[in-house]
Amino acid sequence: MSFHLSFFVAHILIAQIVVASQPRRVIVSTLPAVSLPKSRPPVVLARLIKLRLLAVVLIFLLGACAERSGTRNTPQWVAGPNVGKLDLMSVDLLDAKTGWVVGDIDPGGAGGAIYQTTDGCKTWRSITHTDEILTTIHFVNRTTGWVTGLAGRIERTDDGGLSWKVQRNEREGEPLNGMFFIDERRGWVVGGSGLVLRTTNGGETWTQTNTGRIEDLWAVRFSSSEHGWIVGENGLILATTDGGNTWAPQTSQTSRALLGLTITPSNVAIAVGEAGTILRGEGGSNWSVVDCALTVTLSSVAASDKVVIAVGSRGATLESTDEGRSWTAMSALLKRDLNSIDLSDPTHGVAVGRGGVTQCLQ
Amino acid sequence: MRTLVSLAVLSMTTLVAIPNVDAHHAVLRFNLEEMTATANRIFVGHCTAVEESHEMIAQGMMPVTRYVFEVERAIKGQVTRQITVEQLGHPSHRALGKGGEATMHGEVVTSKTIIHGMSAYQVGDRVLLFLIPNYLGGKVTYPVGLYQGAFFVTKMPSGDEFARNTINNMGLFTAPYNGTSMAPTDAKVVFPERESPLAEGHGLSVKSQSLATKRGRLPLEDFLELIDRINVAHGGEKGSIVASGK
């Protein structure tokens, strides 16, 4: 609310300044009518302009990346139901109603589960038991999806998650951290110590790509079957233009770990990470740091149209409506760490995190 | 003693035959403070020998694996320069049988030979181990929380060293106290439910303080400093390398 008010006041002030400095110009504006002075002495006018300019600057500074109590008029973030008590590591939405989450296993001996919602985050039900800590889940359609595990396992489902077939067995010391499929055949997985895997046959076989990197890799995204990016430890960004055959490092301007990555429909890449790091790269290159004065770790980011939302430690939730140029921090609904977010459209999303918490955009 | 028995029971109850032998099965999750308090020996060393055999333990022949470590640094408790760590069970060798089962020496792994979740090491592996006091007549031990208390150390070309267990250090600062060796009220350094899980003070450097916000592998030196401070906070025996075993 205060955010919208800030912009409203700012716009009025700008309008006033324009009018005051060019009194005969006709203003075409949709803003509410403002009572304007008809004539002023030059010195008073100059002082007024100076003061109002200062006010505008201050209002913009406070508005950008400032915490606000509400969100966009619609939709709103609301606390969702707890999905078990275990840490949730990944969420994937197919549409506004359907999505899946995965995460830790139960130390009490019940193992873990893959959960599904079919009512837009209102309720979640366990659809499959799992005996591995699952780090990511990704569906390309209503039936076909994959999960990855901390021990290096990859599994595929072709019935919406009810049954899973192991495609890659466990490998000691190969935690898998991120996964992306662009269609039913082509997918990429990244993990610890520079591990990059690639499949071109839906996961039947996985080929390890030698990137020459040793950093932990945390997220991978592709904007087409050829163009993709990976982010990881020490501010590492890798890019490919040949479908993942070869990867080249890009300059990231940070040494902080980058944990989350998304590509907007207009091909703007946005990476988030430790200490509130947000990077933005037009066309997936020329990365620049978006200064947001945050210190919490941002774990995940998702985009839909021009809306981009990042989540992280202590329930941190940041929103951008201009493809990551400016961000607004929202009051945390939950004080628990949020590990993953996905948006099905600009008005529907789910974030999940520690202790089974869910947060729903609806 | 009761704790040791429960730990032993915990390990024995993980004797299960499941095809995915390297998966992370359900064991109690330990945060770093409880892990440190539970271990009676914490050290960094590299594995120099592995030997699989069967031994008469608890009135029965049990599969055991003996690992010899050359100790570089002791963080808690007294350890010999060369320490032999004997664990129940045999490690799986990742080979697969006709049915896709894990095999060992050409035979399908069964509940008789493998302890699920037990950490395994190969010659040359450099590790940071948190070992529970020996049990079953003082013959065998295992890392606290099985795979959780075994951190593999890697060295970067830059010389930087990192440590991680096979669950990517998950829960070290966020897992609630499980009551194995201490109650939440006994916590001194790690407070999983707090906004900043690491308590201030205790002589922690800024780098060690920042570990709680990191994901994945952790810088070894900062990690060791933190473990040392936790140990000191609990009045644990300072680590030392001695001429002969205690």
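Here the structure is shown first, and the text comes after it.
As the structure is a prediction and not an experimental result, all values here were calculated from the model.

## Some remarks on the pattern of salt bridges
- Taken as a whole, this structure holds 27 salt bridges over all chains when the rule is applied.
- The partner of Glu-204 of chain A in a salt bridge is Lys-165 of chain A, and the shortest N-O contact between them spans 3.6 Å. Taken as a pair, Glu-204 of chain A in the loop between strand 13 (196-199) and strand 14 (207-208) and Lys-165 of chain A in strand 10 (residues 165-168) lie far apart in primary sequence, 39 residues in all.
- Exposure remark for Glu-204 of chain A: the relative accessible area of 48% places this residue in the partly exposed category.
- Taking the relative accessible area as the measure of exposure, Lys-165 of chain A reaches 48% and is therefore partly exposed.
- The shortest N-O distance in the salt bridge between Asp-216 of chain A and Arg-164 of chain B comes to 2.7 Å. With Asp-216 of chain A in the loop between strand 14 and strand 15 (217-222) and Arg-164 of chain B in strand 10 (residues 161-164), this residue pair bridges two chains. Here Asp-216 of chain A and Arg-164 of chain B have matching classes, each one buried.
- Here the salt bridges share partners, and the residues they tie into one network are Asp-216 and Glu-233 of chain A together with Arg-164 and Arg-217 of chain B.

## Comments concerning the nonpolar core
Residues and elements named next belong to chain B.
- Ranked by size, the top nonpolar core spans 50 residues in total, and within it Leu-32, Leu-128, Phe-130, Phe-173, Phe-223, Leu-226 and Ile-227 carry the most contacts.
- When contributions to this core are tallied by element, the ones reaching two or more residues are helix 2 (32-38), strand 1 (41-57), strand 2 (60-76), strand 8 (126-131), strand 9 (150-155) and helix 4 (220-233).
- Apart from residues lying up to four places away in sequence, Leu-226 is in contact with Leu-32, Phe-173, Val-189, Leu-198, Leu-204, Ser-208 and Leu-211.
- Of all hydrophobic cores here, the second largest spans 16 residues; its members include Val-79, Ile-83, Val-127 and Phe-152.

## Quick look at unusual backbone geometry
Residue and element names in this part refer to chain A.
- Although it is not a glycine, Asn-234 sits at a positive phi angle of roughly 55°.
- Within the element layout of this structure, Asn-234 appears in the loop between strand 16 (228-232) and strand 17 (237-240).
- The phi torsion at Ala-275 lies on the positive side, around 55°, for a residue other than glycine.
- For Ala-275, the location among the structural elements is in the loop between strand 20 (268-273) and strand 21 (278-282).
- Its relative accessible area of 24% is what places Ala-275 among the partly exposed residues.

## Focus: the state of the cysteines
Residues and elements named next belong to chain A.
- Counted under the stated rule, the structure contains one disulfide over all chains.
- One disulfide bridge connects Cys-121 with Cys-360, the sulfur atoms lying 2.0 Å from each other. Looking along the S-S bond of the Cys-121-Cys-360 disulfide, the torsion reads about -50°, which is the left-handed sense. Taken together, the positions of Cys-121 in the loop between strand 5 (112-117) and strand 6 (125-130) and Cys-360 in strand 29 (residues 358-361) put the pair 239 residues apart, joining distant regions of the chain.

Conventions we followed
Residues numbered from 1 in each chain as written. Chains lettered and ligands numbered in written order. Predicted model: local features only at pLDDT ≥ 70, side-chain atom pairs only at ≥ 80, totals over all residues. Heavy atoms only, no water. Salt bridge = Lys/Arg side-chain N within 4 Å of Asp/Glu carboxyl O. Helix = DSSP H or I, 4+ residues; strand = E, 2+ residues; numbered from the N terminus. Buried < 20%, exposed > 50% of the residue type's maximum accessible area, 1.4 Å probe, protein only. Core = buried A, V, L, I, M, F, W, Y, C linked by side-chain atoms within 4.5 Å. Contact = heavy atoms within 4.5 Å. Disulfide = S-S within 2.5 Å.

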